Amino acid sequence: MTDSIMSKAATMEIPINSNGDTGTLPEDDSLEQAAKLQWSLDEKLILEQEGKQKKTDLQQVMVSGPNLNETSIVSGGYGGTAEGIIPTSSIKGPAVHYNAEFNKRIPVTGIGSNMHHSSSNSSMMAEEATRGVAVEKLETVKKWGLNTYKCTKQMISERFGRGSRTVDLELEAQIEVLRDTKRKYENVLRLARALTNHFYNMVQTQHALGDTFADLSQKSPELRDEFGYNAETQKLLCKNGETLLGAINFFVSSINTLVNKTMEDTLMTIKMYENARLEFDAYRSDLEELSMGPRDAAAMARIDAAQQQYQVQKDKYERLRSDVIIKLKFLEENKVKVMHKQLLLFHNAISAYFAGNQQQLEQTLKQFNIKLRPPGADKPSWLEEQ
């Protein structure tokens, strides 16, 4: 039966309609089914071959064609020269220009890679510098902590009488005298300022009182002479009071410089000397403790390091001790010279004022080169205010 079917299929004509579909064969259904089966198999084979071809073409395009990150814009239009090529990306790696005329990929070393490498190098250098600064700060904090611990230990030992301290009896006596002198001079300065304020208020009151007397002298004919005498007396006292105020202000300024600058500078050096003395005793005690311990290799290394630190602190202590001795000597000489001049000025000015000797009071100011400001000099001019 199969042979008869195949013979019929070979001899019969299969009509095709306008759409390319096969005609119906009512006389034999098995033949129609065989033709449909053969057609579907052929169509499936053709589709598979087309899919493979498209896949192969796509892979070739992706391999040989330009990359999206490597494309370029040709400013001169189609077939333009290479001078009009503008790269659209400068990402990592070498950039590639696509030339439509030669259909080539031209690798170009872009600026972006150099910039990336330079920024990487600069960031690495910045990180190394930051790391170096951090290590240096850590070492500084470590040394400061160790030094603070040793000094605190030495201070507590001295306070409770368990540790020994280096004592210079003569120098410490001079330092104590200086501190006591400074306290007394500060009291003199405070009292002199109080006297200046009180006397200034008195002078201002005398000035106002003299103006009032002068006004009443003009408005009271029956008491014109009496008010006139008092007005002249108050004005004279006011003038002499301003002269005395100039002398007292000069005295206060000189004492203030002596106490708050000269003495304070010496006391700052003394404070540095006392800190150096404490550090010196701390490292000395540390060296003594290490010397009393074992003598193995590690201990000897620590002893050598402690010996070096001890020598450094000893040199610092002796240098500051010498500076304190020199400053105390110069301070004493300067104090005697300044106070001799200022005490003489204060005595002569006060005596001349209360004795009513205007000429001697003015001569005292000339003797000490004190220049008084003219009335109204405290207020700046309009040109100075600009």
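Because the structure is a prediction, the values reported are computed rather than measured.

Novice: Now, about the packing of helix H4 (residues 169-219) against helix H6 (residues 297-355): what can you tell me, with residues and values included?
Specialist: Contact geometry of H4 with H6 gives a least axis separation of 12 Å together with a crossing angle of 25°. By the angle class used here, H4 and H6 are roughly parallel. As H4 packs across H6, the resulting crossing turns out to be left-handed. Of the residues in H6, those touching H4 at Leu171, Gln174, Ile175, Leu178, Thr181, Tyr185, Leu195, Phe199, Met202 and Gln206 are Arg321, Val324, Ile325, Leu328, Leu331, Lys335, Met339, Phe346 and Tyr353. Residue classes in the contact of H4 with H6 are distributed as 14 nonpolar, 3 polar and 2 charged.

Novice: Before we move on, could you go through the side chain of Thr181 and cite the residues and values that matter?
Specialist: Within the secondary structure, Thr181 sits in helix H4. Look at Thr181 and you get buried, because its relative accessible area is 14%. Sequence-distant contacts of Thr181, that is, excluding residues within four places in its chain, are made with Met263 and Lys335.

Novice: Mind laying out the pattern of salt bridges, listing which residues take part and the relevant values?
Specialist: One side chain can pair with another of opposite charge once the charged atoms of both are near each other. Tallied over the entire structure, the rule returns 14 salt bridges. For Asp180, the salt bridge identified is with Lys184, shortest N-O distance 3.3 Å. In this pair, Asp180 and Lys184 both sit in helix H4, 4 residues apart, roughly one turn of the helix. A residue is classified by how much of its surface remains accessible, and Asp180, at 30% relative accessible area, is partly exposed. In this structure, the salt-bridge partner of Arg284 is Glu288, at a minimum N-O distance of 3.2 Å. On the criterion of helical spacing, the pair formed by Arg284 and Glu288 is a turn pair, its members being 4 residues apart in helix H5 (residues 224-291).

Novice: Break down the confidence of the model for the protein for me, with residues and values.
Specialist: Residues at a pLDDT of 70 or more form 66% of the protein, whose mean pLDDT is 75. By mean pLDDT, helix H8 (residues 382-385) is the weakest element of the protein at 40, and H4 is the strongest at 94. Across residues 1-31, where pLDDT falls below 50, the model places 14 contacts with residues more than four positions away in sequence or in other chains.

Novice: How would you summarise the packing of aromatic side chains if you had to cite specific residues and measurements?
Specialist: Taken as a whole, this structure holds 7 aromatic pairs when the rule is applied. Seen from their ring centres, Tyr273 and Tyr317 are 5.6 Å apart, and the 25° between their planes marks the pair as stacked. With Tyr273 in helix H5 and Tyr317 in helix H6, the pair connects residues that are 44 residues apart, well separated along the chain. Overall, Tyr317 belongs to the buried group, its relative accessible area being 7%. Taking the centre distance of 5.0 Å and the plane angle of 85° together, the rings of Tyr353 and Phe354 count as edge-to-face. For Tyr353, a relative accessible area of 11% gives the class buried. Taking the relative accessible area as the measure of exposure, Phe354 reaches 63% and is therefore exposed. Clustering of aromatic rings is evident, with ring pairs tying together Tyr273, Phe280, Tyr310 and Tyr317.

Novice: An account of helix H7 (residues 358-367) is needed here, citing residue identities and associated values.
Specialist: Count 3.6 residues to each turn of an α-helix, and residues three or four apart come out pointing the same way. Turning to H7, its buried residues are Leu361, Thr364 and Leu365. The arc enclosing the buried residues of H7, seen along the axis, measures out at 95°, which places them on a common side. Along H7, the residues that are exposed and aim more than 90 degrees away from the buried face are Gln359 and Lys366. For H7, the secondary structure elements touched by its buried residues are H5 and H6. The positive-phi residue at the C-terminal boundary of H7 is Asn369, with phi of around 55°.

Novice: Lay out the packing of H5 against H6 in plain terms, naming residues and giving numbers.
Specialist: Contact geometry for H5 and H6: axes closest at 7 Å, N-to-C directions at 165°. The angle between H5 and H6 places the two elements in the roughly antiparallel class. Every pair of crossing elements has a handedness; the one defined by H5 and H6 is left-handed. Looking at the contact of H5 with H6 residue by residue, the class counts come to 32 nonpolar, 12 polar and 11 charged.

Novice: Tell me what's going on with the side chain of Asp281, and back it up with residues and numbers.
Specialist: Positionally, Asp281 belongs in helix H5. For Asp281, a relative accessible area of 0% corresponds to the buried category. A polar side-chain atom of Asp281 sits 3.2 Å from a polar atom in the side chain of Arg284. Setting aside residues no more than four positions away along its own chain, Asp281 makes contact with Gln154, Glu158, Ser164, Arg165 and Thr166.

Rules and cut-offs
- Residues numbered from 1 in each chain as written.
- Predicted model: local features only at pLDDT ≥ 70, side-chain atom pairs only at ≥ 80, totals over all residues.
- Heavy atoms only, no water.
- Axes fitted to C-alpha atoms, helices over the stretch in contact; angles between N-to-C directions.
- Helix = DSSP H or I, 4+ residues; strand = E, 2+ residues; numbered from the N terminus.
- Parallel < 35°, antiparallel > 145°, perpendicular 65-115°, else oblique.
- Left-handed = near helix turned anticlockwise from the far one by under 90°.
- Contact = heavy atoms within 4.5 Å.
- Nonpolar A, V, L, I, M, F, W, Y, C, P; charged D, E, K, R; others polar.
- Buried < 20%, exposed > 50% of the residue type's maximum accessible area, 1.4 Å probe, protein only.
- Salt bridge = Lys/Arg side-chain N within 4 Å of Asp/Glu carboxyl O.
- pLDDT = per-residue confidence, 0-100.
- Phe/Tyr/Trp six-rings, centres within 6.5 Å; stacked < 30°, edge-to-face > 60°.
- Arc of directions from axis to C-beta.
- Polar contact = N/O pair within 3.5 Å; in protein donor to acceptor, adjacent residues only side chain to side chain.

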